[in-house]
Amino acid sequence: MSASPRATRGAVPEDALKGERAILTGCLLDVFIWSVTMVAAIWGNSLTLLGECVRGGLLILLETVLLVLLRRINRHTIADYDYGTRKLEQFANFVVGIAMILGALWLLSGVARRFDTVQVQSATGMAFGALAALANLAINGWVFFLLWQSSRGGTSIIVNGQLLSRMSKVISSALVAVAVLVNAYVGSEGIGHWADIVGTLIVVAVMLAFGARMIQESLPHLIDRALNDRQQATINRALAASFEAYDELLEVRTRTQGSDAWIEIELGFHASRPIGDVHRMAEEMAARIRQVIPGAHVLVIPRAIGA
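Keep in mind that this is a model prediction, so the values were computed, not measured. (Residues numbered from 1 in each chain as written. Predicted model: local features only at pLDDT ≥ 70, side-chain atom pairs only at ≥ 80, totals over all residues. Heavy atoms only, no water.)

A.B. asks: If you had to explain the nonpolar core to someone new, which residues and values would you point to?
C.D. replies: Ranked by internal contacts, the top residues of the largest apolar core, which has 42 residues, are Ile23, Leu49, Val96, Leu147, Ile158, Val180 and Met207. At the level of elements, α2 (14–44), α3 (47–74), α4 (86–114), α5 (123–151), α6 (157–186) and α7 (191–222) are the ones that each hand at least two residues to this core. Residues within four places of Ile23 in sequence aside, it is in contact with Glu63, Leu67, Leu70, Leu147, Ile158, Val159 and Gln162. Counting residues in hydrophobic clusters, the runner-up holds 20 residues, among them Ile263, Val278, Met285 and Val298. (Core = buried A, V, L, I, M, F, W, Y, C linked by side-chain atoms within 4.5 Å. Buried < 20%, exposed > 50% of the residue type's maximum accessible area, 1.4 Å probe, protein only. Helix = DSSP H or I, 4+ residues; strand = E, 2+ residues; numbered from the N terminus. Contact = heavy atoms within 4.5 Å.)

Quick look at the structure:
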């Protein structure tokens, strides 16, 4: 007896479930440490910790959206995209990058206001903030390890994007922990003041760098960038090898969608040629290109030429 459509649709591979669990674990831990860090930032009047909260809050919101999207993709409940959901995944990562950059610019305005003004900070609040910063570093390191395990050999753009985002958190939280520890130990004046400023600038730099990288990697896929020169040359060689089988090369269109390659080739055949011969040749051409570009989606479209 064949499985029902509902049962088939609900079957999720173990690798996909690992990715979901890693992101869910990260979201729950992030919400907890965000709450603790926000209390520490307000209590200790630390701009560095506030910057961590701004960055973390934006990413928690986006991680939640991405988790919902990933669960729907894994369960095949998104049926409105005939060409798959890769572009939707890239758009989600594009939004993450934009949010990082906007948050970084907001923090820069805070640095400008505090640059030459010594702030009043609670010693107890800063000690609590130092503990929160160390806990945040530990959580980010643990979740990064979970995501790294679940992303090995995987093709989910959401999971891979979250791995990159979590890497930025690990780097940022490690540097922030050092800055907050110095600020808590020395106090709000002198080196302590500059530790808070430098710590905030570190958060800003990490957010700008990783935000720009995520935008740079996702934007070309959103505007249907053609395949690279090496892949285009591979297609040309396959067409040249079968030059005698078709009568005219009309058009070749390629685009990338996430990690997928989409290739459309229009070939001209004299109208007198049997339809079976044309169909066989088109299938052989598509199979040859899939062999040299693994995973490619290839469509060979035959056109009649010459009455």
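A.B. asks: Describe the pattern of salt bridges, and please don't skip the residues or the numbers.
C.D. replies: Counted under the stated rule, the structure contains 10 salt bridges. When the shortest N-O distance is used, the salt bridge between Arg253 and Glu264 registers 2.9 Å. Residue Arg253 is located in strand β1 (residues 248–257), and its partner Glu264 is located in strand β2 (residues 260–270); the two are separated by 11 residues in the primary sequence. By relative accessible area, which is 30% here, Arg253 ends up partly exposed. In this structure Glu264 comes out as partly exposed when scored by relative accessible area, which is 27%. Ionic contacts of the salt-bridge type, sharing partners, join the residues Asp247, Arg273, Asp277, Arg280 and Glu284 into one network. (Salt bridge = Lys/Arg side-chain N within 4 Å of Asp/Glu carboxyl O.)

A.B. asks: With reference to specific residues and values, describe the pairing of strand β3 (residues 297–305).
C.D. replies: Bridge analysis of β2 against β3 gives 9 bridges, and the strand direction is parallel. Bridging across to β3, Glu266 finds its partner in Ile301. Where the polypeptide runs from β2 across helix α9 (residues 275–292) and back to β3, its parallel neighbour, the crossover connection is right-handed. (Pairing = 2+ DSSP bridges. Right-handed = clockwise from strand over helix to strand, strands pointing away.)

A.B. asks: Account for the side chain of Glu266, with residues named and values stated.
C.D. replies: Within the fold, Glu266 resides in strand β2. For Glu266, the side chain forms a polar contact with the side chain of Arg253, separated by 3.2 Å. A distance of 3.3 Å separates a polar atom in the side chain of Glu266 from a polar atom in the side chain of Arg303. Apart from the residues within four sequence positions on either side, Glu266 is in contact with Glu248, Leu249, Leu250, Glu251, Arg253, Ile301 and Arg303. (Polar contact = N/O pair within 3.5 Å; in protein donor to acceptor, adjacent residues only side chain to side chain.)

A.B. asks: Can you break down the packing of helix α8 (residues 229–241) against α9 residue by residue, with the values?
C.D. replies: Packing of α8 against α9 leaves a shortest axis separation of 10 Å and a crossing angle of 145°. Judged by the sense of rotation from one axis to the other, the crossing of α8 with α9 is right-handed. Residues Thr234, Ile235, Ala238 and Leu239 of α8 pack against Met285, Arg288, Ile289 and Val292 of α9. For the contact of α8 with α9, the residue count by class is 6 nonpolar, 1 polar and 1 charged. (Axes fitted to C-alpha atoms, helices over the stretch in contact; angles between N-to-C directions. Left-handed = near helix turned anticlockwise from the far one by under 90°. Nonpolar A, V, L, I, M, F, W, Y, C, P; charged D, E, K, R; others polar.)

A.B. asks: I'd like to hear about α2, residue by residue, with values.
C.D. replies: Taking 1.5 Å of rise per residue, 31 residues should cover 45 Å, and α2 covers 44 Å from first to last C-alpha, within 8% of that figure. Positive backbone phi, approximately 55°, marks Asn45, located one or two places after α2. (Expected span 1.5 Å × (residues − 1).)

A.B. asks: Go over the side chain of Asn140, please, and point to the residues and values.
C.D. replies: With respect to the helices, strands and loops of the structure, Asn140 is situated in helix α5. Among the residues examined, Asn140 registers a relative accessible area of 1% and is labelled buried. Residues in contact with Asn140, not counting those within four places in the same chain, are Asp30, Arg166, Lys169, Val170 and Ser173.

A.B. asks: Residues and numbers for the packing of α3 against α7, please.
C.D. replies: It is at 7 Å that the axes of α3 and α7 come closest, and there the two elements cross at 20°. In terms of orientation, α3 lies roughly parallel with respect to α7. Read as a crossing pair, α3 and α7 show a hand that is left-handed. In this structure, α3 contributes Leu47, Thr48, Gly51, Glu52 and Arg55 to the contact, and α7 contributes Ala195, Asp196, Gly199, Thr200, Val203 and Met207. Along the lines of polarity and charge, the residues of the contact of α3 with α7 split into 4 nonpolar, 4 polar and 3 charged. (Parallel < 35°, antiparallel > 145°, perpendicular 65-115°, else oblique.)

A.B. asks: I'd love a proper account of a nonpolar patch on the surface, names of residues and values included.
C.D. replies: On the surface, Ile98, Leu102, Leu105, Leu108, Leu201 and Leu208 cluster together into a nonpolar patch covering about 470 Å² of accessible area. When residues of the nonpolar patch are traced back to their parent elements, those giving at least two are α4 and α7. Take the nonpolar patch: its biggest share by element is 4 residues, from α4. (Patch = residues over 30% accessible without salt bridge, like charges linked within 9 Å, V, L, I, M, F, W, Y side chains within 5 Å. Areas by Shrake-Rupley, 256 points an atom, 1.4 Å probe, with all protein chains shown as cover.)

Keep in mind that these numbers describe shape and distance, not what the molecule does.
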